[in-house]
Amino acid sequence: MSEQSRPARKPGKPYRRPQKDPVRFLAFEALRAVDERDAYANLVLPPLLRKAREKGGFDGRDAALATELVYGTLRRQGTYDAVIKACIDRPLREVDPPVLDVLSLGVHQLLGTRIPTHAAVSASVELARVVLGDGRAKFVNAVLRKVAQQDLDAWIEQVAPPYEDDPEDHLSIVHSHPRWVVSALWDSLGGGRAGIEDLLEADNERPEVTLVARPGRSTAGELLDVLGEEASLPGRWSPYAVRLSEGGEPGAIAAVREGRAGVQDEGSQLVAIALANAPLDGPDKAWLDGCAGPGGKAAMLAGLAAERGAFLLASEKQPHRAGLVAKALAGNPGPYQVIAADGTRPPWRPGTFDRVLMDVPCTGLGALRRRPEARWRRRPEDLDGFGPLQRDLLRTALDSVRVGGVVGYATCSPHLAETRAVVDDVLKHYDGGSADLIDARPLLPGVPALGEGPDVQLWPHLHGTDAMYLALIRRTA
């Protein structure tokens, strides 16, 4: 701490060194990594928690609180920014990012948790003294005392415009999504206010941890027996899925450590299952996953292919991600190969495969529950970069499948510019033959609210999954 930030000592009152709260300090470290390095919280937080446990004095309750502080702050960042903005006398952009992180952590404790007001304020000010110095801690204290004067509902009524005046801006602030994301999701979802509010609320809820029992290597029944009724539930839609109860740790499960099971959203599982079960004309011996990283769908497809004696080629452009794919497929009972290759310039011959999956790079707007910080990083112009690549990859998939074979085009985004617009455009202008959409809905038996088809859009609020999109296309000539 610099002498400039240390307050003048009053006679008879010795200076008190700030006390480091390991939970809040860890949460602050995670938020700084997300902001400074464009890191993802789900990748940054686990090693920080592991390191804290190894040092000792950091238990499961501490880890749960740190996790809630990080994810809660990121999910509600838009709402909290509006509240902070109303409590300061300068533009928000002029507040130093570390100061804003401390403020946001404090606001989340005040408005988004049951932590008592005095504890939330004092703990946040103490954190500010540790990481910012006493001078800026006074600023934090002043702002948080203003925030504490009202609850969340009162603040929202003050800082959000009425729904009737500006529906998208109202929803943006109330549900903490950028306005353009609200607009895009609403366009894709259709319908009125209730549906979009349900979706945005679901994006702000902590998602379940879902396991996949990799075909041929484990079963959902085996996982359920090992975990027991108190710690697990069957999947809602996928026969390979097992849902962990809150607080469950996947790394503690032997089947996960051994690679026989993995962590995989049920929507992702359904995409692989639907492609594998699509009816074919002719042989079923060679499958391709053309954008295989990090390997979840590839591991499922490899197991399903092995049950039929089929071969899977898993291709991934980035070598380090290809390494993750190889790790996910290690131990698969059937024939497979993992390669690092650019899917837009494939090394395989046209018409080689019976089934092809292209789970293309996208904005990731379908996984905002798991990566809440992504909503603040993405911009509308990102679509301009993804669109040409998505079209190229779908054309490669159509070139790569034989006549009578099936292509699955998938994205973890419900944005119409990444889903139906891509499929419609490629099919309209494809000059390598002919291809037709086939109805994907019967291949997801028991899953409700799949729309008019023939493609499928899953939703967090309707299906409890990420917002995965799937179109199945048969090559006809």
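Numbers given to residues run from 1 along each chain, matching the order in which its sequence is written. Given that this is a predicted model, residues contribute local features only at a pLDDT of at least 70 and side-chain atom pairs are listed and counted only at 80 or more, while totals for whole chains, interfaces and linings are drawn from all residues. The basis for every side-chain value is the complete set of heavy atoms in the structure, and neither hydrogens nor water enter the calculation.

**Section: the environment of lysine 146**
In plain terms, the rule: The secondary structure listing takes helices from DSSP runs of H or I that are at least 4 residues long and strands from runs of E that are at least 2 residues long, numbered from the N terminus. Contacts are residue-level and defined by heavy atoms, with any inter-residue pair within 4.5 Å sufficient.
Its place among the elements puts lysine 146 in helix α7 (residues 134-147). Sequence separation between lysine 146 and histidine 463 is 317 residues, and the spatial gap between their C-alpha atoms is 40 Å. Residue contacts for lysine 146: discarding those within four places in its chain leaves Cys87 and Trp155.

**Observations regarding α7**
Our working definition: Multiply 1.5 Å by the residue count of a helix minus one, and that product is the helix's expected span. Each residue is assigned to one of three classes by its accessible area relative to the maximum for its type, calculated with a 1.4 Å probe on protein chains only: buried under 20%, partly exposed between the two thresholds, exposed over 50%. By definition, the arc is the one covered by directions from the helix axis to the C-beta atoms.
Taking 1.5 Å of rise per residue, 14 residues should cover 20 Å, and α7 covers 20 Å from first to last C-alpha, within 8% of that figure. Three or more residues of α7 are buried, namely Asp134, Ala137, Val140, Val143, Leu144 and Val147. Taken end-on, α7 shows its buried residues confined to a sector of 170 degrees, consistent with a single buried face. In this structure, α7 carries Lys138 and Arg145 as exposed residues pointing more than 90 degrees from its buried face. Contacts from the buried residues of α7 go to α4 (77-86), α5 (97-112), α6 (117-131) and α8 (152-159).

**Focus on the sheet that holds strand β2 (residues 232-234)**
The criterion, for reference: Strands are treated as partners if at least two bridges between them are detected by DSSP. Note on method: axes are straight lines fitted to C-alpha atoms, helices fitted across the in-contact stretch only, with angles between N-to-C directions ranging 0 to 180 degrees.
In space, the 4 strands of this open sheet follow the order β2-β3-β1-β4, with antiparallel pairing throughout. Looking at strand neighbours, the two that pair on one side only are β2 and β4 (261-263), the edges of this open sheet. Neighbour-to-neighbour, the strand axes of this sheet turn through a mean angle of 30 degrees, independent of strand direction. Both strand β1 (residues 210-213) and β4 contribute to a ladder of 3 bridges, which runs antiparallel. For alanine 213, the partnering residue across the bridge sits in β4 and is alanine 261.

**A few points about the UniProt feature "binding site: S-adenosyl-L-methionine" (unreviewed entry) in the chain**
Here is the rule: UniProt positions are given in the numbering used here, feature names are shortened, and annotations may be inferred rather than shown by experiment. Nitrogen and oxygen atoms within 3.5 Å of one another constitute a polar contact, given that in protein one can donate a hydrogen and the other can accept it, and given that sequence-neighbouring residues count only through two side-chain atoms.
Following the UniProt record, one finds the feature "binding site: S-adenosyl-L-methionine" (unreviewed entry) at Cys291, Ala292, Gly293, Pro294, Gly295, Gly296, Lys297, Glu316, Asp342 and Asp359. Within the fold, glycine 293 resides in the loop between β5 (286-289) and α15 (296-307). Residues in contact with glycine 293, not counting those within four places in the same chain, are Glu316, Arg321 and Val325. With respect to the helices and strands, the residue aspartate 359 is situated in strand β8 (residues 353-359). By relative accessible area, aspartate 359 is classed as buried at 18%. With residues near it in sequence (within four places) discarded, aspartate 359 still touches Cys291, Lys297, Ala410, Thr411, Cys412 and Met468. One polar contact links aspartate 359 to lysine 297, side chain to side chain, over a distance of 2.5 Å.

**What about the UniProt feature "active site" (unreviewed entry) in the chain?**
UniProt annotation of "active site" (unreviewed entry) refers to Cys412 when read in the numbering used here. Inspection of the secondary structure assignment puts cysteine 412 in the loop between β9 (401-411) and α19 (420-429). Apart from residues lying up to four places away in sequence, cysteine 412 is in contact with Asp359, Cys362, Gly364, Leu365, Gly366, Ala367, Asp466, Ala467 and Met468.

**Here we look at the side chain of glutamine 269**
Relative to the helices and strands, glutamine 269 resides in helix α14 (residues 266-277). Classification of glutamine 269 as buried rests on a relative accessible area of 0%.

**Remarks on the packing of α4 against α5**
This is how the line gets drawn: Working rule for angles: under 35 degrees goes down as roughly parallel, over 145 as roughly antiparallel, 65 to 115 as roughly perpendicular, anything else as oblique. Charged residues are taken to be Asp, Glu, Lys and Arg, nonpolar residues to be Ala, Val, Leu, Ile, Met, Phe, Trp, Tyr, Cys and Pro, and polar residues to be all remaining types, Gly included.
Where α4 contacts α5, the axes come no closer than 10 Å and their chain directions differ by 105 degrees. Taken together, the axes of α4 and α5 lie roughly perpendicular to each other. For the pair formed by α4 and α5, the contact residues are Tyr80, Asp81, Val83 and Ile84 on the first element and Leu100, Leu103, Ser104, Val107, His108, Leu111 and Gly112 on the second. Here the contact of α4 with α5 is composed, by residue class, of 7 nonpolar, 3 polar and 1 charged.

**Focus: the nonpolar core**
We apply this condition: Put simply, buried Ala, Val, Leu, Ile, Met, Phe, Trp, Tyr and Cys residues joined by side-chain atoms within 4.5 Å make one nonpolar core.
With 57 residues, the main nonpolar core has Leu26, Phe58, Val70, Leu111, Val140 and Val147 as its most contacted residues. The leading source of residues in this core is helix α1 (residues 22-36), at 9 residues. Ignoring sequence-local partners within four residues, the contact set of phenylalanine 58 consists of Pro22, Val23, Leu26, Leu49, Ala52, Arg53, Ala63 and Ala66. In this structure, Leu270, Leu275, Ala310 and Ile438 belong to the second largest nonpolar core, which totals 43 residues.

**Thoughts on the state of the cysteines**
Heads up, the rule is: Criterion for a disulfide: a pair of cysteine sulfur atoms within 2.5 Å.
Overall, the coordinates contain 0 disulfides when judged by the stated rule. The thiol of cysteine 362 is not disulfide-bonded; the next cysteine sulfur, from cysteine 412, is found 5.8 Å away. On the accessibility criterion, cysteine 362 (13% relative accessible area) is buried.

**Observations concerning the packing of aromatic side chains**
Note the following rule: In this scheme Phe, Tyr and Trp rings, the latter by its six-membered ring, pair at centre separations within 6.5 Å, and the angle between planes marks the pair as stacked below 30 degrees, edge-to-face above 60, and tilted otherwise. Over a ring means this: the NZ of a Lys or the CZ of an Arg is within 6 Å of the ring centre and within 35 degrees of the ring normal.
What the rule picks out here adds up to 2 aromatic pairs. For the ring pair tryptophan 348 and phenylalanine 353, a centre distance of 6.0 Å and an interplane angle of 85 degrees mean the geometry is edge-to-face. According to the relative accessible area criterion, phenylalanine 353 is buried, its value standing at 3%. Centre to centre, the rings of tyrosine 409 and tyrosine 469 are 6.4 Å apart; their planes meet at 75 degrees, and the pair counts as edge-to-face. Linking tyrosine 409 in strand β9 with tyrosine 469 in strand β12 (residues 469-475), this pair joins segments that are 60 residues apart in sequence. In terms of burial, tyrosine 409 and tyrosine 469 fall into one category: buried. The side chain of arginine 90 reaches across the aromatic face of phenylalanine 139, ending 4.6 Å from its centre. Looking at arginine 377, its charged tip hangs above the ring of tyrosine 40, at a distance of 4.9 Å from the centre.

**Some remarks on helix α10 (residues 179-189)**
Among the residues of α10, Trp180, Val181, Val182, Ala184, Leu185, Trp186 and Ser188 are the ones counted as buried. Check the buried side of α10 and you find it contacts α9 (167-175) and α11 (193-203). Among the residues trailing α10, glycine 190 stands out with phi positive, at a value near 70 degrees.

**Things to note about the packing of α1 against α5**
Rules: Crossing handedness follows the turn of the near helix against the far one: under a right angle anticlockwise gives a left-handed crossing, and clockwise gives a right-handed one.
Where α1 meets α5, the closest approach of the two axes is 10 Å, and the angle between their N-to-C directions is 130 degrees. As far as their axial angle goes, α5 and α1 are oblique. Crossing of α1 over α5 shows right-handed handedness. Where α1 abuts α5, its residues Arg24, Ala27, Phe28, Leu31, Arg32 and Asp35 lie against Pro97, Pro98, Asp101, Val102, Leu105 and Gln109. Partitioning the contact of α1 with α5 into residue classes produces 7 nonpolar, 1 polar and 4 charged.

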